[in-house]
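Each chain, written out:
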Amino acid sequence: MQNLAPIALFVYNRPEHTRRTLSYLQKNQLAENSRLFIFSDGPKTEADKPKVEQIRQLAKTITGFKSVKLIERTENIGLANSIISGVTQLVNDYGKVIVFEDDLLSSPYTLQYFNEALDRYSTDEKVMHIGAYMYNLKAPNLPQTFFYRAATSWGWATWARAWQHFEPNVDTLMQQFDKSKINAFSIEGTMNFWKQMQQFKAGKNNSWAIRWYASIFLKNGLTLNPAQSLIQNIGHDGTGVHSNNEDIYQVNISRQPVTDFPDALQENLQAYQAIKQFLKTRKGNLWQRGVRFIMQMRDKYLKN
């Protein structure tokens, strides 16, 4: 692999998360041959300025990559706008991109997986997204990688040819859904993807990821995913702007390189069923849900 994809890392005000994310990225096998672009959003408040500056100073000391470029935003444009503009910039310049946020720990083989998949499916229009995170699935006989409909946002990659279909206008997206499509989009009601669309329209979230998944879904696109996660999200500790304190999505990072990729460009039914089962049962029974809710309310109260 001579032509490696650039890595976009989006950071804000969590220095320790950013440091750990970079530390794991540096240990990736292809890190020293990869270009790293760090997009640092501007501070939203005066209180955020010291941590934003701390991260920028950290970024200026980073080594272990072919090159490191820090893009410092003077204004706060928010995570969604930062990702959309950064991804657009890099796919326009390089034709493809690998995307990280500041709270993602990677396997030593994550960059290798991304680049091999980007090369393998570079001309397959149906394949639109490569995800590196996967839930802790209870299905031991899954293939090493598989195609699925939904796009995970915790470590991902795509091509310019796919990103051109990203539709930021939620009204344009929503008007293309009927009842059947909403059911399929929501993995038969086991995940609140459609609710996320409604909340975006109502101004209750600012998710780029739900609009990206909807764009892929409406194109009948596929996403490539590993059966065992190559990413661990450490942001669900209450520190993130867009995350709660919870452990539902905790996984063990795979320590093995990915060597097997699907040939048939179709959703893997076994994987779909395993994911649907995980989503259906992920919050546990009524007692477990109640305990989790109380813990989240406690953490929210203490945080404020």
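Refer to the structure above for everything that follows.
Residues numbered from 1 in each chain as written. Predicted model: local features only at pLDDT ≥ 70, side-chain atom pairs only at ≥ 80, totals over all residues. Heavy atoms only, no water.

> It is not clear to me how the nonpolar core should be interpreted in this structure. Could you clarify?
Counting 93 residues, the largest nonpolar core has Phe100, Phe185 and Met197 as its most contacted members. At eight residues, the largest contribution of residues to this core is made by helix 9 (residues 208-218). (Core = buried A, V, L, I, M, F, W, Y, C linked by side-chain atoms within 4.5 Å. Buried < 20%, exposed > 50% of the residue type's maximum accessible area, 1.4 Å probe, protein only. Helix = DSSP H or I, 4+ residues; strand = E, 2+ residues; numbered from the N terminus.)

> Whenever I open this one, the pattern of salt bridges confuses me. Can you help?
Where side chains of opposite charge bring their charged atoms close, a pairing between them can arise. All chains considered together, the criterion is met by ten salt bridges. Here arginine 56 makes a salt bridge to glutamate 72, at a shortest N to O gap of 3.6 Å. In this pair, arginine 56 sits in helix 2 (residues 49-59) while glutamate 72 sits in strand 3 (residues 67-72), placing the two residues 16 residues apart along the sequence. By relative accessible area, which is 8% here, arginine 56 ends up buried. With a shortest N-O distance of 3.2 Å, glutamate 188 and lysine 276 are connected by a salt bridge. In this pair, glutamate 188 is assigned in the loop between helix 7 (179-185) and helix 8 (193-201) and lysine 276 in helix 10 (residues 269-281), connecting sequence segments 88 residues apart. Since its relative accessible area comes to 17%, lysine 276 is described here as buried. Several salt bridges converge on common partners, so that one network encompasses Arg14, Asp102 and Asp103. (Salt bridge = Lys/Arg side-chain N within 4 Å of Asp/Glu carboxyl O.)

> How do you make sense of the pairing of strand 1 (residues 7-11) when you look at a structure like this?
A regular strand places its side chains on the two faces of the sheet in alternate fashion. With respect to burial, strand 1 is a largely interior element, five of its five residues being buried. A two-sided burial pattern is seen for strand 1, the buried positions comprising Ile7, Leu9 and Val11 on one face and Ala8 and Phe10 on the other. Across five bridges, strand 1 lies against strand 2 (residues 35-40) in parallel orientation. In the strand pairing of strand 2, leucine 9 is matched with isoleucine 38. Handedness of the crossover joining strand 1 and strand 2 through helix 1 (residues 15-26): right-handed. Pairing between strand 1 and strand 4 (residues 96-101): four bridges, direction parallel. Each bridged residue has a counterpart across the sheet, and for leucine 9 the counterpart in strand 4 is phenylalanine 100. (Pairing = 2+ DSSP bridges. Right-handed = clockwise from strand over helix to strand, strands pointing away.)

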